[in-house]
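# Structural overview for review
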Amino acid sequence: MGSDNKDGKQWRWKIGAIIAIIVAIAVTILPLHIQNKPCDCPQKHSGMVEDCCCDYETVDRVNEEALHPLLQELVKMSFFRYFKVKLWCDCPFWPDDGMCRLRDCSVCECPENEFPDSFKKATGLVLQANDLICQEGKPQAVVDRTLDTKAFRGWREVDNPWTNDDETDNEEMTYVNLQLNPERYTGYTGQSARRVWDTIYTENCPKYPDGEFCPEKKFLYKLISGLHTSISIHIAADYLIDEAKHVWGRNLPLMHDRVLRYPDRVGNLYFTFLFVLRAVLKAADYLEQADYDTGNPEEDLKTQSLMKQLLFHPQLQAACPVPFDEVKLWKGQSEPELLQQIQKQFRNISAIMDCIGCEKCRLWGKLQILGLGTALKILFSVNGQDDLGYILQLQRNEVIALMNLLNRLSESVQLVHEAQPTVPTIMTRMISAGSLGNGLWRRISALVVKQK
């Protein structure tokens with residue numbers, strides 16, 4: 001009898017341990033961004049995008065027919081192709097232990113004559129529109145570490161108060177050809193990558209339960225979640241399908257597992273897209289008059305024409321003239337204090353970009369965070385102060401980051417729209433293959449075996 005009681009207690013203890021393991025794994029193995037409720041059923045997003053002024057159907061239509069084609073062409077122009085960035089800075093929070101499995105993680109130097117004259121010291125060279133090949137002949141050789149010792153012609157060198165990097169510190173800047181460094185799967189995974197996202201969410205933009213906090217207190221979480229969603233989509237959309245043969249393609253099951261089965265992630269993607277689009281439209285007069293000089297007059301005129309078409313597209317003006325209303329965001333009396341708090345949190349997020357252990361991932365992280373910081377700078381007054389006399393000033397790198405970010409988000413929205421009809425088929429295959437939830441149960445089984 002005593003033996004039976006003992007055996008019963010042991011089994012109850014084991015069952016309790018298993019339950020505890022399930023809870024612990026579910027909470028700890030995934031970043032906060034993906035601890036949302038999945039829905040393993042076909043999702044069709046309709047109605048108004050939360051906290052925005054446009055509905056999903058309108059966004060999909062205008063993006064597909066007008067915005068996406070224009071943005072795809074615009075970012076290939078010489079002016080928007082080259083981004084100035086500090087690729088190597090020490091992580092201010094922990095030692096850099098990131099390891100990349102693929103050579104696609106890295107970038108290297110390219111010859112100085114690849115870059116527009118107006119981006120550096122004048123040399124009398126004219127950039128050819130199709131000059132995309134590094135002289136080494138390697139697709140990963142895309143960084144020129146030439147010192148930028150001259151202020152850009154026609155642009156002011158001003159620092160962005162929303163980001164951590166000093167954008168006027170040109171001595172540590174390098175130029176990167178973005179067309180030779182696409183945002184894609186790099187093999188950068190594991191604890192190092194997970195720690196970056198965990199730190200961003202837990203320390204800087206925690207998710208507030210629905211209805212518990214006003215929209216202005218959770219909009220930073222939604223912005224970062226939308227950006228995270230976009231990055232996940234691009235990883236799945238340009239994935240190394242066969243490493244041995246170096247074959248790239250779309251990994252739709254991964255896209256479904258990381259994004260499509262989470263309605264709130266898709267909603268946050270649309271929210272971030274409309275937020276950035278609103279910033280671009282609000283700065284339309286500035287961007288229309290900007291100097292897009294690269295030393296190639298014919299291409300520069302085309303760049304300016306594409307920008308005007310985007311800013312004043314009749315279909316966009318008719319369907320969604322104000323994608324996001326920033327005025328409605330601040331309803332309480334705590335706007336200055338809250339804005340300063342959000343600005344501090346965002347600057348901290350931008351500093352975390354230096355902790356990314358993959359050079360190419362760091363490049364796109366810094367670019368998109370600067371783009372988002374530029375959108376915040378345009379839509380909200382600097383340093384949390386309402387200055388009616390404030391005149392918007394943007395530097396060249398901010399505009400390059402802003403438009404490339406808008407293109408990334410636009411492409412993600414397009415990919416989600418295209419992938420929606422495939423969701424039932426993907427789900428059927430994943431269920432029949434037993435892939436849904438297998439990773440979790442493998443971890444549980446391993447731990448239970450250890451208990452024995």
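Position numbers for residues start from 1 in each chain and track the written sequence from start to end. With the structure being a predicted model, the display of local features is reserved for residues of pLDDT at least 70 and the display and counting of side-chain atom pairs for 80 or more, all residues being used for whole-chain, interface and lining totals. Values reported for side chains reflect all heavy atoms of the structure, with hydrogen atoms and water molecules removed beforehand.

Time to look at the overall build of the chain. Helix numbering and strand numbering both begin at the N terminus, where a helix is a DSSP run of H or I of at least 4 residues and a strand a DSSP run of E of at least 2. Across its full length, the chain holds 15 helices and five strands. The contact definition used throughout considers only heavy atoms, calling two residues in contact when any of these lie within 4.5 Å. Look at the contacts in the chain between residues 6 or more apart in sequence, and 83% of them connect residues 24 or more apart. Taken as a whole, the chain presents about 20800 Å² of accessible surface, with 53% of it coming from carbon and sulfur. Surface accessibility follows the Shrake-Rupley procedure with a 1.4 Å probe radius. Residue values consider only the protein chains on display as shielding.

When a carboxyl oxygen of Asp or Glu lies within 4 Å of a side-chain nitrogen of Lys or Arg, that pair is called a salt bridge. Applying the stated criterion across every chain yields a total of 13 salt bridges. Between Lys218 and Glu50 there is a salt bridge, and its shortest N-O distance comes to 4.0 Å. Residue Lys218 is located in helix α5 (residues 215–237), and its partner Glu50 is located in the loop between α1 (2–28) and α2 (56–74); the two are separated by 168 residues in the primary sequence. Relative accessibility thresholds used throughout: buried, under 20% of the residue-type maximum; exposed, over 50%; partly exposed, between the two (1.4 Å probe, protein chains only). Lys218 sits in the buried class, given a relative accessible area of 10%.

Nonpolar side chains in soluble globular proteins tend to be buried together. Judged by nonpolar contacts, the single largest core of 107 residues is most densely connected at Ile224, Phe275 and Met403. Not counting chain neighbours up to four residues away, the residues in contact with Met403 comprise Leu71, Leu74, Val75, Phe80, Val280, Met307 and Leu310. Among the buried residues, those of types Ala, Val, Leu, Ile, Met, Phe, Trp, Tyr and Cys that are joined through side-chain atoms within 4.5 Å form a nonpolar core.

It is worth spelling out the state of the cysteines at this point. A covalent bond between the sulfur atoms of two cysteines is what we call a disulfide. Cysteine sulfur pairs qualify as disulfides if the two atoms are within 2.5 Å. Tallied over the full model, the rule gives two disulfides. Between the sulfur of Cys54 and that of Cys320 lies a disulfide, 1.4 Å long from S to S. Linking Cys54 and Cys320, the disulfide has an S-S dihedral of approximately 70 degrees and is accordingly described as right-handed. Placement of Cys54 in the loop between α1 and α2 and of Cys320 in the loop between α10 (314–319) and α11 (335–352) is noted, with a sequence separation of 266 residues between them. Cys54 gets classed as buried once you look at its relative accessible area, which sits at 2%. Disulfide pairing is shown between Cys91 and Cys355; the S-S distance is 1.9 Å. Disulfide Cys91-Cys355: the torsion about the S-S bond is 75 degrees, which places it as right-handed.

Mean pLDDT over the chain stands at 75; residues scoring 70 or higher make up 63%. Each residue carries a pLDDT score, the predictor's confidence in it, ranging from 0 to 100. At the low end of the mean pLDDT range in the chain sits strand β2 (residues 143–144), at 32; at the high end sits α2, at 97. Predicted confidence for residues 98–103 stays below pLDDT 50, and this span has 21 contacts to residues more than four positions away or in other chains. Here residues 121–154 is modelled with pLDDT under 50, and outside its nearest four sequence neighbours on either side it reaches 98 contacts, counting other chains as well.

To estimate how far a helix should reach, multiply one less than its number of residues by 1.5 Å. Taking 1.5 Å of rise per residue, the 14 residues of helix α4 (residues 191–204) would be expected to cover 20 Å, and the 19 Å separating its terminal C-alpha atoms lies within 8% of that figure. By the burial criterion, the buried members of α4 are Ser192, Ala193, Val196, Trp197, Asp198, Thr199, Ile200, Tyr201 and Asn204.

Time to look at the side chain of Thr272. As for its position among the elements, Thr272 is in helix α7 (residues 263–282). Since its relative accessible area comes to 1%, Thr272 is described here as buried. In terms of polar contacts, Thr272 uses its side chain to reach the backbone carbonyl oxygen of Leu223, at 3.2 Å. We call two N or O atoms a polar contact when they sit within 3.5 Å, provided that within protein one can donate a hydrogen and the other can accept it, with sequence-adjacent residues counted only if both atoms are side-chain atoms.

Bringing the packing of aromatic side chains into the picture now. Geometry of aromatic contacts follows a simple scheme: Phe, Tyr and Trp rings, the Trp one being its six-membered ring, pair when their centres are within 6.5 Å, and the pair is stacked under 30 degrees between planes, edge-to-face over 60, tilted otherwise. One pass over the structure, following the stated rule, counts 14 aromatic pairs. Three or more aromatic residues link up through ring pairs in this structure, and these residues are Phe219, Phe271, Phe275, Phe324 and Phe380. Both a distance and an angle decide whether a charge sits over a ring: NZ of Lys or CZ of Arg must be within 6 Å of the ring centre and within 35 degrees of the ring normal. For Lys222, the ring lying beneath its charged end belongs to Phe271, and the centroid distance is 4.4 Å. The ring of Trp364 carries the charged tip of Arg408 above its face, separated from the ring centre by 5.5 Å.

With that out of the way, let us pick up the packing of α7 against helix α13 (residues 396–419). To obtain an axis, a line is fitted to C-alpha atoms, over the contacting stretch when the element is a helix, and the angle between two such axes runs from 0 to 180 degrees between their N-to-C directions. In the contact formed by α7 and α13, the axes pass within 10 Å of each other and the chain directions differ by 145 degrees. Seen along the crossing, α7 lies across α13 with a hand that is left-handed. Touching Val266, Leu269, Tyr270, Thr272, Phe273, Val276, Leu277 and Val280 of α7 are Leu402, Met403, Leu405, Leu406, Leu409, Ser410, Ser412, Val413 and Val416, all from α13. All amino acids are sorted into three groups, where Ala, Val, Leu, Ile, Met, Phe, Trp, Tyr, Cys and Pro are nonpolar, Asp, Glu, Lys and Arg are charged, and the leftover types, Gly among them, are polar. For the contact of α7 with α13, the class distribution of residues is 14 nonpolar, three polar and no charged. Should the near helix be turned anticlockwise from the far one by less than a right angle, the crossing is left-handed, and should it be turned clockwise, the crossing is right-handed.

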